[in-house]
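Tertiary structure, described
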Amino acid sequence: MNKMGISTDPALLDVELPRTLIESPSVSTFLPEEEASICPLLSSNTNGSTTPMTFSHPLTPCIDNDNDSNTSANLCNEDGKVETSSSSGSSSGIGMSVPDETSATLFNKHSYKHLQNNNTSAQDSNGHGPNGNIPLGKDTPSFVSWNWPLIRKCTFFVFMSSLLAMCAVVVAMIVTLPKTCNPKTMWYRGSVFYEIFPASFQDSDNDGIGDLRGIAKRSDYLKSLGVSAIRLNSIFPSTHYPEDFVNITSLTEVSKVLGAVDDVQQLSQALHLRNMSLVLDLPLYPFLKELGKSDGASAVKVLASTALNISEEVVVTTTTPRPVITTNVITQALQHWIKFGVDGFYIKGLENFVELEDIDYHMAEWKDILGESRVLIINEEVLHKVEEPQRSNLLKHVDLVDVHLNVFNGAQSLEERINRVLTSEIAPADPGVWVQWSIAGVDQARLTRDGLNSNFTLTALLMQLMLPGTPNIFYGDEIGLQAAKDQLNEHNETKHLHHLSTMQWPENSTQQFTNRETLPWLPKAPAANFDYLPVVSRMIQLRDRSPSIYKNAICKTETVLPNTAIRRSDDDILIIERIYPRRNAFASISNFGQKRLTLDMSSNFYSGVAMLHDSSEKIYFSDFQIGPAESIIVRLDK
C-alpha cells in the first residue's frame, strides 16, 4: 500500500480500526476497495511471517490428525485464526483477528463435533427431547415429546388393516349375493310337499315296519329330491297299527311301532338342518264324533296398546282382536306337537262332520295357535259344506286347500277341473289361500298300475309340478312305484293297503327297506323305474328357481293377474303355459293318450328349448311331435 502512496493512517480513512484488527508488519497502507474482498474473519500470522492461506469452509469439519502436526495446523488452527497470503512473496494481505467468542465458535475444530453422528443425545432431566440435545421447557406442549415414529407406524398399520377389512367385506358381500333376484314367498307356497306313509318308507330296527328313525335316516335322499316339506300320514297309535291306522286312540302320542314322541322331534331337527319342514296329518274323524262349540263364537280376547299424543293430549288406544282359544282335544294336540318342532298340520276328516256351524271360529283358533309361519291345510270338500259368508271367513284362516286331480279321466276332464279351481273362491292370489294339488295319496290308488303305459306316472307328475300352487307328491311316485303284488293271495287281510307298498331303493344301495332276514309287513311290489328320479328332481329344481312356475299369480298394485293358461289340443293333449314379468316363460305339453302325435301349435308358440334333459334340444312347434304317455317341458323363446 505504501508503494501506491496511500496512507494507512486511520484518521485519513475516517474509520477507527477495531482492536482485533492487527496490521501486518509489511503493510503500511489499507485499500478501502479491498475491504469487500477480504474476509473480515481472516487474520495474519502473529509472528509476522506470511504463509499461504489455507481456506476451508466454516462448516467444514476439522480433521484432527495427531500424527501429522503440520496438516493439523494447516487445516485447523488451534487459536481459531486463518493465515492469508498475497500473490507476491514480499507482500501479504492484511490479517484480521476475529473476536475470541466468534473464533471459538466458528474456527475451533472441536466446536463442530456436535454436528457429527456420534449416536449420543442430550436429554432433559425427564429424559425427553425432540432432537435428543435440546432441553424442553415448561411451556413446551406435551405432544412434542410423543413417540412420533411409533405413532406413524401404528397409524399406517391401522389404515392398511382398515383398508384390507373393507376389501374383505366387499368381497364377502359379492360372494354371498344371490345368483337370482326372484320374488319371495312363504315356505309352503309354491314349494313341493312329499307325503309319506311312515310304516312303508324305511325300517330302522329290522322289524319289517317302517318308523320315524328310518325316515330321519333317509333325510339326505329327501333333500336331494328337492322337496321343501315332509308330510306324514297318521303316526298316532291304534289298536292294530299299521293295518288299522285309521282308528286312532290318541292325538298326542305316537304308535309304538313307529317310535316315540322324541323321535318326532329328532326327525324335525334332521329336516330343519336340511332346510325342510315337517307337516303332520291330524285325523279328527272317526276319532272325534263332533267338533263342539267354539268359545270364539261369543267372545273375543282384545290385546290393547295405548299411545299418548303429546301435541293434542289425546290418548289413542289400538286393539287387535284375537279369538278365544277353546280348550279341547284338538287345540291341545296342536299346542303339544308345536313343542316338538312340527311346522304345520293337515286337519283331515272335517268334511265328515255333520255340524260345521262354528267351523270358521274353530279355524280362527287353530290358526292363532299355529301363527303365521306354520301352515294349516284343509280339504276342498269342507268348502262345499259351508255357505257364504261362513266360507269367506273360514278361508281367511286357511293357508292351503287340498285339491285332488283324477288323471285317469283324460285331458278334457283335467282341463275343465283345473280351470274350475282356478276361477273359484280359492283362485290364485297372493296373499290369500293357495291350492295344494294331489294326484295320489293314502286314500287313492297307485298311479302306476296294470294296463297303463309305464311312463304314465312320470307324465302325470310333470304335469302336476307345472300347476300354480303347492304340489304334493306321494312317496314312490318319483320312481313309478307300483302297488304290492299278492299273487298267491296270502295277504288278503291287508289287501286294502296294498297301494301303501314298501319303498324300494336301488339295488346298489347299501340299505334297503329292511334287512334280508326280515319280511316286510306288505308283499313286495314289482321293480320300480329309477330313471324317473333324476327327471323329477330336475323338474323340482326348475320350479324352485322359476317364478313363472312357483308363483301362482302376477300381483299388481290394484289387481291380480293370472299367470297360468290351461288349454287342450286334440283329445289327449293338455297344455299348461306359465308366465311372469321379465322372466322366462314355460309350457308343458302332456300326452295322456296311447298314440304318438304330430301337432302344429305354431298359433300358440313358435319355438323353445326342451328342459329336464342333458342336451338342450331346439323345438319348433310347427312340427311338434310327442309320444304316448309323455310330458315335454319347454322354455319358450321370447
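Criteria and cut-off values
As a convention, each chain's residues are numbered from 1 in the sequence order in which they are written. A pLDDT threshold of at least 70 governs which residues receive local features in this predicted model, and a stricter bar of 80 or more applies before side-chain atom pairs are shown or counted, although totals over entire chains, interfaces and linings include all residues. Working from all heavy atoms in the structure, the side-chain values ignore hydrogens and water. Burial status follows relative accessibility: with a 1.4 Å probe on protein chains alone, a residue under 20% of its type maximum counts as buried, one over 50% as exposed, and anything between as partly exposed. Helix and strand labels come from DSSP, where a helix needs a run of H or I of at least four residues and a strand needs a run of E of at least two; each type is numbered from the N terminus. Regarding the arc, it is the one traced by the directions from the helix axis to the C-beta atoms. Throughout, a residue-residue contact means that at least one pair of heavy atoms, one from each residue, lies within 4.5 Å. Any N or O atom pair separated by 3.5 Å or less is treated as a polar contact, with the protein-specific requirement of one donor-capable and one acceptor-capable atom, and with residues adjacent in sequence counted only for side-chain atom pairs. For two strands to pair, DSSP has to find at least two bridges joining them. All axes are obtained by fitting lines to C-alpha atoms, using only the stretch in contact for helices, and the reported angles, taken between N-to-C directions, cover 0 to 180 degrees. Among buried residues, the Ala, Val, Leu, Ile, Met, Phe, Trp, Tyr and Cys ones that are joined through side-chain atoms within 4.5 Å form a nonpolar core. Throughout, right-handed denotes a crossover for which the path from the first strand over the helix to the second runs clockwise when the strands point away from the viewer. Note on ring pairs: Phe, Tyr and Trp rings are taken, using the six-membered ring of Trp, and paired if centres are within 6.5 Å. Classes follow the plane angle, with under 30 degrees stacked, over 60 edge-to-face and the rest tilted. Each ring is checked for a lysine NZ or an arginine CZ that lies within 6 Å of its centre and within 35 degrees of its normal; such an atom marks a charge sitting over the ring. A patch is a set of surface residues, each over 30% in relative accessible area and not in a salt bridge, joined within 9 Å for like charges and within 5 Å for the nonpolar side chains Val, Leu, Ile, Met, Phe, Trp and Tyr. Each accessible area is a Shrake-Rupley result for a 1.4 Å probe, and residues are judged covered by the shown protein chains and nothing else. Should a side-chain nitrogen of Lys or Arg be within 4 Å of a carboxyl oxygen of Asp or Glu, the pair is scored as a salt bridge. By this rule, a helix spans an expected 1.5 Å times one less than how many residues it contains. Scored between 0 and 100, pLDDT is the confidence that the predictor attaches to each residue.

Side note on helix H7 (residues 329-338)
Among the residues of H7, those classed as buried are Ile-330, Thr-331, Ala-333, Leu-334, Trp-337 and Ile-338. Along H7, the residues classed as buried sweep out an arc of 160° about the axis, all on the same side. The inward-facing, buried residues of H7 contact helix H6 (261-273), strand E3 (277-283), strand E6 (344-348) and helix H8 (359-370). Here H7 starts with a cap whose side-chain oxygen sits 3.1 Å from the backbone nitrogen of Ile-330, and that cap is Asn-328.

A look at the sheet that holds strand E9 (residues 434-438)
The strand order around the closed barrel formed by 8 strands is E1-E2-E3-E6-E7-E8-E9-E10, and the pairing between neighbours is parallel. The average undirected angle you get between the axes of adjacent strands in this sheet is 25°. Relative to strand E2 (residues 229-232), strand E1 (residues 193-196) runs parallel, the two sharing 4 bridges. Across the sheet, Ile-196 pairs through a bridge with Leu-232, a residue of E2. Helix H12 (residues 456-465) rests against E9 and strand E10 (470-474) of the sheet, and its axis sits at about 155° to E10.

Thoughts on the sheet that holds strand E15 (residues 586-591)
Strands pair in a sheet through their backbones, by hydrogen bonds, and they do so in one of two ways: parallel or antiparallel. Spatial ordering of the open sheet is given by E13-E14-E15-E20-E17-E18, a layout of 6 strands whose pairing is antiparallel. Each end of this open sheet is capped by a strand with a single partner; those strands are strand E13 (564-569) and strand E18 (618-620). For this sheet the average axis-to-axis angle between neighbouring strands, irrespective of direction, equals 30°. For strand E17 (residues 607-610) and strand E20 (residues 630-636), the ladder comprises 3 bridges, and the chain directions are antiparallel. Bridge pairing in E20 links Ala-610 to Val-634. Its contacts with the sheet place helix H11 (residues 411-422) against E13 and strand E14 (573-578), and it is angled at close to 160° to E13.

A short note on the nonpolar core
Core analysis: the biggest nonpolar cluster contains 113 residues, and Tyr-194, Leu-284 and Leu-350 have the highest contact counts within it. Per-element tally for this core: the top contributor is H12, with 7 residues. Met-601, Ile-619, Ile-632 and Val-634 belong to the second largest nonpolar core, which has 17 residues in total.

Notes on the pairing of E10
Here E10 lies mainly inside the structure; 5 of its 5 residues are buried. Relative to E10, E1 is paired through 3 bridges, and the arrangement is parallel. The residue bridging Tyr-194 from the neighbouring strand is Ile-473, located in E10. Since E9 and E10 lie parallel, the crossover through H12 that links them has a hand, and here it is right-handed.

Observations concerning the pairing of E6
E6 sits mainly inside the fold: 5 of its 5 residues count as buried. Going residue by residue along E6, you find Gly-344, Tyr-346 and Lys-348 tucked away on one face and Phe-345 and Ile-347 tucked away on the opposite face as well. Judged from the 5 bridges that link them, E3 and E6 form a sheet pairing that is parallel. Its bridge partner lying in E6, Leu-282 is registered against Ile-347.

What about the side chain of His-362?
Along the polypeptide, His-362 turns up in helix H8. On the basis of relative accessibility, which here comes to 1%, the residue His-362 falls in the buried class. Side-chain polar atoms of His-362 contact the backbone oxygen of Gly-292, separated by 3.0 Å.

So, the packing of aromatic side chains
Inspection of the entire model under this criterion finds 20 aromatic pairs. Seen from their ring centres, Phe-201 and Trp-505 are 5.5 Å apart, and the 80° between their planes marks the pair as edge-to-face. Note that Phe-201 is positioned in the loop between E1 and helix H4 (212-217) and Trp-505 in the loop between E10 and helix H13 (532-545), a separation of 304 residues in sequence. Judged by centre distance (4.9 Å) and plane angle (90°), the ring pair of Tyr-221 and Trp-505 falls under edge-to-face. With Tyr-221 in helix H5 (residues 219-225) and Trp-505 in the loop between E10 and H13, the pair connects residues that are 284 residues apart, well separated along the chain. Looking at Trp-505, the relative accessible area reads 5%, which means it is buried. Put simply, the rings of Tyr-194, Phe-201, Tyr-221, Phe-474, Tyr-475 and Trp-505 pair up and form one aromatic cluster. Note that Arg-218 overlies the ring of Trp-505, its terminal NZ or CZ placed 3.7 Å from the centroid. Above the face of the Tyr-475 ring, Arg-446 is positioned so that its terminal group lies 4.6 Å from the ring centre.

Thoughts on a nonpolar patch on the surface
Taken together, the side chains of Phe-156, Phe-159, Met-160, Leu-163 and Met-166 present a nonpolar region at the surface, about 510 Å² in accessible area. By secondary structure assignment, the location of Phe-159 is in helix H3 (residues 148-176).

Some remarks on H6
Helical geometry: 3.6 residues make up each α-helical turn, so side chains three or four residues apart lie on a common side. Here H6 is 13 residues long and its end C-alpha atoms lie 19 Å apart, about the 18 Å a rise of 1.5 Å per residue gives. All of the buried residues in H6 are Val-261, Asp-263, Val-264, Leu-267, Ser-268, Ala-270 and Leu-271. Packed against the buried residues of H6 are H4, H5, E2, E3 and H7. Downstream of H6 by a residue or two, Asn-275 has a phi angle that is positive, lying close to 60°.

Remarks on the confidence of the model for the protein
Residues of the protein with pLDDT of at least 70 account for 75%, and the chain-wide mean is 82. Taken together, the stretch residues 101-128 has pLDDT below 50 and engages in 40 contacts with residues farther than four places along the chain or on a different chain. Taken as a whole, residues 303-312 scores under 50 in pLDDT and shows 20 contacts with residues more than four places along the chain or in a different chain.

Here we look at the environment of Leu-251
Structurally, Leu-251 is set in the loop between E2 and H6. Judged by relative accessible area, Leu-251 falls into the buried class, the value being 2%. Separated by 78 residues in the primary sequence, Leu-251 and Val-329 place their C-alpha atoms 7.6 Å from one another. Contact partners of Leu-251, with chain neighbours within four places excluded, come to Phe-236, Leu-282, Pro-283, Leu-284, Phe-287, Val-329, Ala-333 and Trp-337.

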